[in-house]
Amino acid sequence: MKFSSRKNKLPTLARSAGDSLLDSLARHPRRVMAGVGALLLGTGVTAFGIAPLAPDASLLPVQQVVEELSIPPLSDTGLMTGGSMTLYRSDTIRRDDTAQSLLQRLGVRDPQALSLLRNDSNARQLFEGRTGKLVTVETDEQQQLLRLKARWLPDDSRVFHRLVVERGDAGLQSRVESGELTVQSQLASGVIRSSLFAATDAAELPDSVAVQLAEMFANDIDFRRDLREGDRFAVVYESLEADGEPMRAGKVLSAEFVNNGREHQAVWFEEPGLKGAFYGFDGQSSRKSFLASPLEFSRVSSGYGMRFHPVSGKQKAHLGVDYAAPTGTPVRTIGDGVVSFAGWQNGYGNIIEIQHKDNQLTKFAHLSRIDVRTGQKVSQGDFIGAVGSTGLSTGPHLHFEFRDKGVPQDPLEIARQSENIPVSPAAKARFEAVAQSMRQQLDAAATIRQASAN
């Protein structure tokens, strides 16, 4: 009974609430409509704030697509049995290599190839001369040799030899070809931490480039005493290549060396009809009438002045400079001139004397070998003999003297004070173009060093 009575009252309450709402709307229409509007606006904002930005992926319809792909037969790819597969391997000739040890490292199992490398006159050149020749082979899946190639330099010229061994209808055949080395520019840079050669090794510079770098600035920097930690260098040099393989370094094209905050720069330039030389980027020549040393790079073992003679044991004036170097080290003339004497001369042993302009004379003593003759013209940097220990000498070294109008002078001071040889006015424009190109490459080399440091 109670339940029925409560149920019957609901319509009555609903009607009463509706009448009340209508009565309020009639009496206060603006207030009622503002309240309804605010309610709707709040509901709308809330709905907008929580509405998802995209539909739920789990509610999206899923469609499966199946397509038939066209795959070529495996026989067309050469991967099935009976197909042809070529394997490539490379290695270098070692000091104690034989034909058998080389082929084993290269993965070649071919009696005919072994016999050819042992007995063929062309192939035997692989194991002659310098080691380090790069050998590349092509073999089939049975490790039978299809092709072998190797390249090497017969001398210091710009020609290389190429050995080619190929399999044809008549079996393996060999031939040796000759080709011209191509020249590419290489960039490098480094920072001095202990010594010049330690820094060039760290920069992976070839030894010949490191020696040239020292030679370029020898008149301005004493690399034994003037180097400071943090000094830096950048260099552009030639890389001589055979079929894209670097064979050896060529000459330095340009370089910059910052020593104790001071910049030293040089660029290689050749005037028509003249011998090439290094010049400064500012247009001033870095080439002097005399080189700083008759050896490319060595140690001064005895300077100019008074000393105790190593043989007599008495104090005596040393009228030259001694350079410690192994027997056979090449000796060069420091300036243009004419050979006035070449032969044996008492305590000097084998000696060469060269007459220069303005009545200046240089002497090279204790030589193991003389490579020039009296009356022969020589140019700055020409090799004229080799270090030895002939005459009155206690060990291999070069005794070098400089005389000006017959008066002995300190060769080291003469080299530092010698005059520069400038670029001729006719070649100035071409020199400036070369210098600008080299400057850009040196800047690029410095950028490489900075990127590596970072």
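Right, let's walk through the structure included here. (Residues numbered from 1 in each chain as written. Predicted model: local features only at pLDDT ≥ 70, side-chain atom pairs only at ≥ 80, totals over all residues. Heavy atoms only, no water.)

## Focus on the overall build of the protein chain
Helices and strands together make up the secondary structure of the protein chain, namely nine helices and 23 strands. By the burial criterion, 35% of the 454 residues in the protein chain qualify as buried. For the protein chain, the share of sequence-separated contacts (at least 6 apart) that also reach a separation of at least 24 residues comes to 60%. Looking at the protein chain as shown, the accessible area adds up to about 27100 Å², and 52% of this sits on carbon and sulfur atoms. (Helix = DSSP H or I, 4+ residues; strand = E, 2+ residues; numbered from the N terminus. Buried < 20%, exposed > 50% of the residue type's maximum accessible area, 1.4 Å probe, protein only. Contact = heavy atoms within 4.5 Å. Areas by Shrake-Rupley, 256 points an atom, 1.4 Å probe, with all protein chains shown as cover.)

## Some remarks on the nonpolar core
Formed by 22 residues in total, the largest nonpolar core has its most connected members in Leu196, Phe217, Phe223, Val235, Tyr237, Val252 and Phe257. Mapped by element, the contributors of at least two residues to this core are helix H6 (196-202), helix H7 (207-216), strand E7 (232-242) and strand E8 (245-259). Excluding residues that lie within four positions of it along the chain, Val235 makes contacts with Gln186, Leu187, Ala188, Leu205, Val209, Val252, Ser254, Ala255, Leu442 and Ala445. (Core = buried A, V, L, I, M, F, W, Y, C linked by side-chain atoms within 4.5 Å.)

## Quick look at H7
Every buried residue of H7 is listed here: Val209, Ala210, Val211, Leu213, Ala214 and Met216. Of the surrounding elements, those touching the buried residues of H7 are H6, E7, E8, strand E9 (262-269) and strand E10 (277-279).

## A look at helix H5 (residues 111-119)
Burial in H5 covers these residues: Ala113, Leu116 and Leu117. The arc that holds every buried residue of H5, seen down its axis, measures 95°, which confines them to one face. Counted as exposed and oriented over 90 degrees from the buried face of H5: Pro111 and Asn119. Those residues of H5 that are buried lie in contact with helix H4 (99-105), strand E3 (145-152), strand E4 (159-168) and strand E5 (171-180). (Arc of directions from axis to C-beta.)

## A look at the pattern of salt bridges
This model, assessed by the stated rule, comprises 22 salt bridges. In this structure, Arg147 engages Glu138 in a salt bridge whose closest nitrogen and oxygen atoms are separated by 2.7 Å. Of the residues examined, Glu138 reaches a relative accessible area of 18% and is grouped as buried. In this structure, the salt-bridge partner of Glu215 is Arg332, at a minimum N-O distance of 2.3 Å. Note that Glu215 is positioned in helix H7 and Arg332 in strand E15 (residues 330-332), a separation of 117 residues in sequence. Accessibility expressed as a relative area gives 25% for Glu215, which makes it partly exposed. The network of salt bridges with common partners includes Glu138, Arg147, Arg151, Arg162, Glu166, Arg175, Glu177, Asp243 and Glu245. (Salt bridge = Lys/Arg side-chain N within 4 Å of Asp/Glu carboxyl O.)

## Looking at the sheet that holds E7
One open sheet holds the five strands; their spatial order is E6-E7-E8-E9-E10, and the pairing between them is antiparallel. This sheet does not close on itself; its edge strands, each paired only once, are strand E6 (182-191) and E10. On average, adjacent strands in this sheet sit at an angle of 30° to one another, irrespective of strand direction. Along the sheet face, H7 touches E7, E8, E9 and E10 and points at about 30° away from the line of E8. (Pairing = 2+ DSSP bridges. Axes fitted to C-alpha atoms, helices over the stretch in contact; angles between N-to-C directions.)

## Notes on the side chain of Thr333
Turning to its location among the elements, Thr333 is positioned in the loop between E15 and strand E16 (337-344). Residue classification places Thr333 among the buried positions, given a relative accessible area of 0%. One polar contact links the side chain of Thr333 to the main-chain carbonyl oxygen of Gly335, over a distance of 2.8 Å. (Polar contact = N/O pair within 3.5 Å; in protein donor to acceptor, adjacent residues only side chain to side chain.)

## Thoughts on the sheet that holds E15
Spatially, the three strands line up as an open sheet ordered E15-E21-E19, and their pairing is antiparallel. Each of the sheet's edge strands pairs with one partner strand only, and the pair in question is E15 and strand E19 (369-370). Note: E15 against strand E21 (residues 383-386), three bridges, orientation antiparallel. Residue pairing in the sheet places Arg332 in a bridge with Phe383 of E21.

## Some thoughts on unusual backbone geometry
The backbone of Glu204 sits at a positive phi, close to 60°, despite the residue not being glycine. One non-glycine residue, Asn260, lies in the positive phi region at around 55°. Here Asn260 lies in the loop between E8 and E9.

## Quick look at the packing of aromatic side chains
Two aromatic rings are characterised by how far apart their centres lie and by the angle between their planes. All told, the structure shown has nine aromatic pairs when counted by the stated rule. Judged by centre distance (5.4 Å) and plane angle (80°), the ring pair of Phe269 and Phe431 falls under edge-to-face. On the criterion of sequence distance, the pair formed by Phe269 in strand E9 and Phe431 in helix H9 (residues 428-453) is long-range, its members being 162 residues apart. Considered together, Phe269 and Phe431 belong to a single accessibility category, that of buried residues. With a centroid separation of 5.1 Å and 40° between ring planes, the pair formed by Phe364 and Phe400 is classed as tilted. One end of the pair, Phe364, is in strand E18 (residues 360-367); the other, Phe400, is in strand E22 (residues 397-404), and 36 residues separate them in sequence. By relative accessible area, Phe364 is classed as buried at 0%. Members of the aromatic cluster, joined through ring pairs, are Phe217, Phe223, Phe233 and Phe257. (Phe/Tyr/Trp six-rings, centres within 6.5 Å; stacked < 30°, edge-to-face > 60°.)

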